[in-house]
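An overview of the molecular structure
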Amino acid sequence: MRAVDLIHKKRDGGELTAKELTFLVNGYCDGGIPDYQMSAWAMAVFFRGMTPAETAALTLAMANSGDQADLTPIAGVKVDKHSTGGVGDKTTLIIAPLVASVGVPVAKMSGRGLGHTGGTIDKLESIAGFQTELSREKFLEQVNELGLSVIGQSGNLTPADKKLYALRDVTATVESIPLIASSVMSKKIAAGADAIVLDVKTGSGAFMKTVDDSEKLAQAMVEIGTQIGRQTAAVISDMDQPLGFAIGNALEVREAIETLRGKGPSDLTELCLTLGAHMVVLGGKAATVAEAKELLQHQLDNGEALAKFKQFIAAQGGDASVADDVNLLPQAAEQVEVKAAAAGYISAIDAEQLGVAAMLLGAGRATKEASIDYSVGIIIRKKVGDPVSEGDTLAVLHTRAQDAAVDEVSAKVSDAYAISAMKPAERPLLLSVVTAEGTMRY
């Protein structure tokens, strides 16, 4: 078997077998297949696409390229949740304890943030003492006892995906739905879950900018899960503006705690209830999504979800008292208000630009090696559809004292807001849901 023959086959629209795809993945990982040949294959895929069977085979080959989590010692149906990335997306902090509180075990490996999207691990590490690295034995034991653990991703999880993604990033082949889908799903398969719920973002703050493209990606990922034997569901949710009001690590933890108290932003609460409900159904604890949402709402109302969060934080060495007093979280030295230059209605918010602004304050990383400041970030005061008068506060920057970036960030935040004379049409938060049975728009 030769790489050049497989490139030729895909270039001409042929379908590669599982054996051929495994040969490519393993050969690229061990150095037998050079970058230039893998680049040619990726470009052929970019133009020719892949069948569902090919995409599933590629996913399995990448999942098998490194460590795989064995979650079989954990009782029950293990359901994982993945977001394709967004601004202000702190859903794991809420969904994990919420779902665990009704008896669905959550054994989750999460990543750090890079660029304008935040990472769950960074957010958790803003809680004093919280440990994101646990031994396998401790991880499994905690999930069996508590029903919940969230740790950092293994350094050797899907090394083929890491290597291939880096290549795609410099060869203009990132925007290939089969390659994106297999990248996401290979990590989920390697993480060992029995079932997977995907939150596919769409809009200005998301990788996929249109609903149609987001649905195509969701359908590809659900097809992979189905082919591999993992129950998979995907929800398409809006990222044309940030989720909730907080952007930045400790600020997002604070908002997550308020949501677990039943006092969170309506959009964040609704999305968490919806994603969590799909997890509960796949976990076998409710027959329908509607029934599961009622169950989860009850857990918010009676304090059980917040109690589970506190147990989870304490179990991993963190200061659980932050759940009772959010002021114990890191706080920035200065707050700077960004004012509206005109009156009218907020007609649009560039979510990605706000994410970049928060990164410039120190809340995110421009490179993997960069350090972050847990305390800094942005609190949004106005969202799409809100009326605004000249001089009203659009957002508040939480920043270091005398930070040189403040003026630049203030201008960027101001530019991210569009103000019009007419109130814009309401854009729904939840756009569609994709399952093995098909796609349904809300």
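Here, the structure is the one placed above.
Structure report, in brief. Remember, predicted model here, so these are calculated numbers, not experimental data. (Residues numbered from 1 in each chain as written. Predicted model: local features only at pLDDT ≥ 70, side-chain atom pairs only at ≥ 80, totals over all residues. Heavy atoms only, no water.)

Let's talk about the packing of helix α5 (residues 91-100) against helix α12 (residues 266-282)
Which entries qualify depends on this criterion: Note on geometry: axes are C-alpha line fits, over the in-contact stretch for helices, and angles between N-to-C directions span 0 to 180 degrees. Under the DSSP-based scheme used, a helix requires at least four consecutive residues in state H or I and a strand at least two consecutive residues in state E, with every element numbered from the N terminus. Roughly parallel here means an angle under 35 degrees, roughly antiparallel means over 145, roughly perpendicular means 65 to 115, and every remaining angle is called oblique. Two helices cross in a left-handed way if the nearer one is turned anticlockwise from the farther one by less than a right angle. They cross in a right-handed way if the turn is clockwise. Only heavy atoms enter the contact rule, under which two residues are in contact if any of them lie within 4.5 Å. All amino acids are sorted into three groups, where Ala, Val, Leu, Ile, Met, Phe, Trp, Tyr, Cys and Pro are nonpolar, Asp, Glu, Lys and Arg are charged, and the leftover types, Gly among them, are polar.
At their nearest, the axes of α5 and α12 sit 9 Å apart, and the two run at 45 degrees to each other. Taken as axis vectors, α5 and α12 run oblique relative to one another. Crossing of α5 over α12 shows right-handed handedness. Seen from α5, the contacting residues are Thr91, Ile94, Ile95, Leu98 and Val99; seen from α12, they are Leu268, Leu271, Cys272, Leu273, Leu275, Gly276, Met279 and Val280. Class assignment of the residues belonging to the contact of α5 with α12 gives a composition of eleven nonpolar, two polar and no charged.

Looking at the sheet that holds strand β12 (residues 417-420)
Convention followed: By the convention used here, strands pair only if DSSP detects at least 2 bridges between them.
With respect to topology, three strands assemble into an open sheet ordered β10-β8-β12, the strand pairing being antiparallel. The open sheet terminates on both sides in strands that have one partner only, identified here as β10 (387-388) and β12. Relative to β10, strand β8 (residues 344-349) runs antiparallel, the two sharing two bridges. Within the sheet, the bridge partner assigned to Gly344 lies in β10 and is Val388. Packed onto the sheet, helix α16 (residues 406-416) meets β8 and β12 and runs at close to 45 degrees relative to β12.

Observations regarding helix α10 (residues 211-228)
For the record, the criterion: A helix's residues, less one, multiplied by 1.5 Å, set its expected span. Throughout this description, buried means an accessible area under 20% of the type-specific maximum (1.4 Å probe, protein chains only), exposed means over 50%, and partly exposed covers the range between.
Along its 18 residues, α10 runs 26 Å from first to last C-alpha, staying within 8% of the 26 Å computed at 1.5 Å per residue. Among all positions of α10, only Val211, Ser214, Glu215, Leu217, Ala218, Ala220, Met221, Val222, Ile224, Gly225 and Ile228 are buried. As for α10, its buried residues are in contact with α4 (52-63), α9 (177-190), β4 (195-202), β5 (231-238), β13 (430-435) and β14 (438-441).

With respect to the pairing of strand β11 (residues 393-399)
The buried fraction of β11 amounts to seven of the seven residues, a majority that puts the element mostly inside the structure. With four bridges joining them, strand β9 (residues 377-380) and β11 adopt antiparallel strand pairing. In the strand pairing of β11, Ile380 is matched with Ala395.

Comments concerning the pattern of salt bridges
Put simply, the test is: Whenever Lys or Arg places a side-chain nitrogen within 4 Å of a carboxyl oxygen from Asp or Glu, that contact is recorded as a salt bridge.
On inspection of all chains with the given rule, the structure shows 24 salt bridges. The shortest N-O distance in the salt bridge between Lys90 and Glu255 comes to 2.6 Å. Placement of Lys90 in the loop between β1 (79-83) and α5 and of Glu255 in helix α11 (residues 249-260) is noted, with a sequence separation of 165 residues between them. This pair shows no difference in class: Lys90 is buried, exactly as Glu255 is. Among the ionic pairs, Arg427 bridges to Asp240, the shortest N-O distance being 3.5 Å. Residue Arg427 is found in the loop between β12 and β13, and its partner Asp240 is found in the loop between β5 and β6 (246-247); the two are separated by 187 residues along the sequence.

Re the nonpolar core
The line we're drawing: Each nonpolar core is a collection of buried residues, namely Ala, Val, Leu, Ile, Met, Phe, Trp, Tyr and Cys, held together in the definition by side-chain atoms within 4.5 Å.
Core analysis: the largest hydrophobic core is formed by 81 residues, its most contacted members being Phe312, Ile378 and Val413. A per-element tally of this core places α12 first, with nine residues. Ignoring sequence-local partners within four residues, the contact set of Phe312 consists of Leu124, Phe130, Gln142, Leu146, Leu148, Ser149 and Val150. Core analysis: the second largest hydrophobic core is formed by 34 residues, Ala181, Val200, Val211 and Ile236 among them.

Let's talk about a nonpolar patch on the surface
Convention followed: The patches described consist of residues with a relative accessible area above 30% and no salt bridge, like charges being joined within 9 Å and nonpolar side chains (Val, Leu, Ile, Met, Phe, Trp, Tyr) within 5 Å. Accessible surface area values rest on a Shrake-Rupley calculation with a 1.4 Å probe, where residue burial reflects the displayed protein chains alone.
A cluster of nonpolar residues, Met43, Phe46 and Phe47, forms a patch on the protein surface that exposes about 300 Å² of accessible area. Along the chain, Phe46 turns up in helix α3 (residues 35-48). The class for Phe46 is partly exposed, based on a relative accessible area of 31%.

A closer look at the environment of Ala348
You can see Ala348 is positioned in strand β8. For Ala348, a relative accessible area of 35% puts it in the partly exposed group. Sequence-distant contacts of Ala348, defined by excluding residues within four places in its chain, comprise Val384, Ala416, Tyr417 and Ala418.

Looking at the packing of aromatic side chains
We describe a pair of aromatic rings using the distance from one ring centre to the other and the angle between the two ring planes. To keep it simple, the criterion reads: The aromatic pairing rule takes the rings of Phe, Tyr and Trp, using the six-membered ring of Trp, and pairs them if the centres are within 6.5 Å, calling planes under 30 degrees apart stacked, those over 60 edge-to-face and the rest tilted. We call a charge positioned over a ring when the NZ of a Lys or the CZ of an Arg lies within 6 Å of the ring centre and within 35 degrees of the ring normal.
Under the counting rule described, the total for this entry stands at three aromatic pairs. Ring geometry for Phe130 and Phe312: centres 5.5 Å apart, planes at 75 degrees, overall edge-to-face. On the criterion of sequence distance, the pair formed by Phe130 in the loop between α6 (120-124) and α7 (136-146) and Phe312 in helix α14 (residues 304-315) is long-range, its members being 182 residues apart. Looking at Phe130, the relative accessible area reads 6%, which means it is buried. Here a set of aromatic residues connected by ring pairs shows up, and it is made of Phe130, Phe309 and Phe312. Sitting over the face of the ring of Tyr28, Lys163 holds its NZ or CZ atom 4.5 Å from the ring centroid. The side chain of Lys383 reaches across the aromatic face of Phe245, ending 5.3 Å from its centre.

Some words on the sheet that holds β9
Either a parallel or an antiparallel arrangement is found when strands of a sheet pair, and the pairing is made through backbone hydrogen bonds. What the four strands build is an open sheet, ordered β6-β9-β11-β7; its pairing is antiparallel. Edge strands, defined here as strands with exactly one partner in the open sheet, are β6 and β7 (334-339). Across two bridges, the pairing between β6 and β9 is antiparallel. Following the sheet pairing, Ile247 is matched in β9 by Ile378. In this fold α16 packs onto β7, β9 and β11, with an angle of close to 150 degrees to the strand it touches most, β11.

Observations concerning the packing of α7 against α14
With their axes 12 Å apart at the nearest point, α7 and α14 run at an angle of 155 degrees to one another. Of the possible angle classes, the one that applies to α7 and α14 is roughly antiparallel. The hand of the α7/α14 crossing is right-handed. Contacts between α7 and α14 involve Lys138, Gln142 and Leu146 from the former and Lys308, Gln311, Phe312 and Ala315 from the latter. The residue makeup of the contact of α7 with α14, split by class, is three nonpolar, two polar and two charged.

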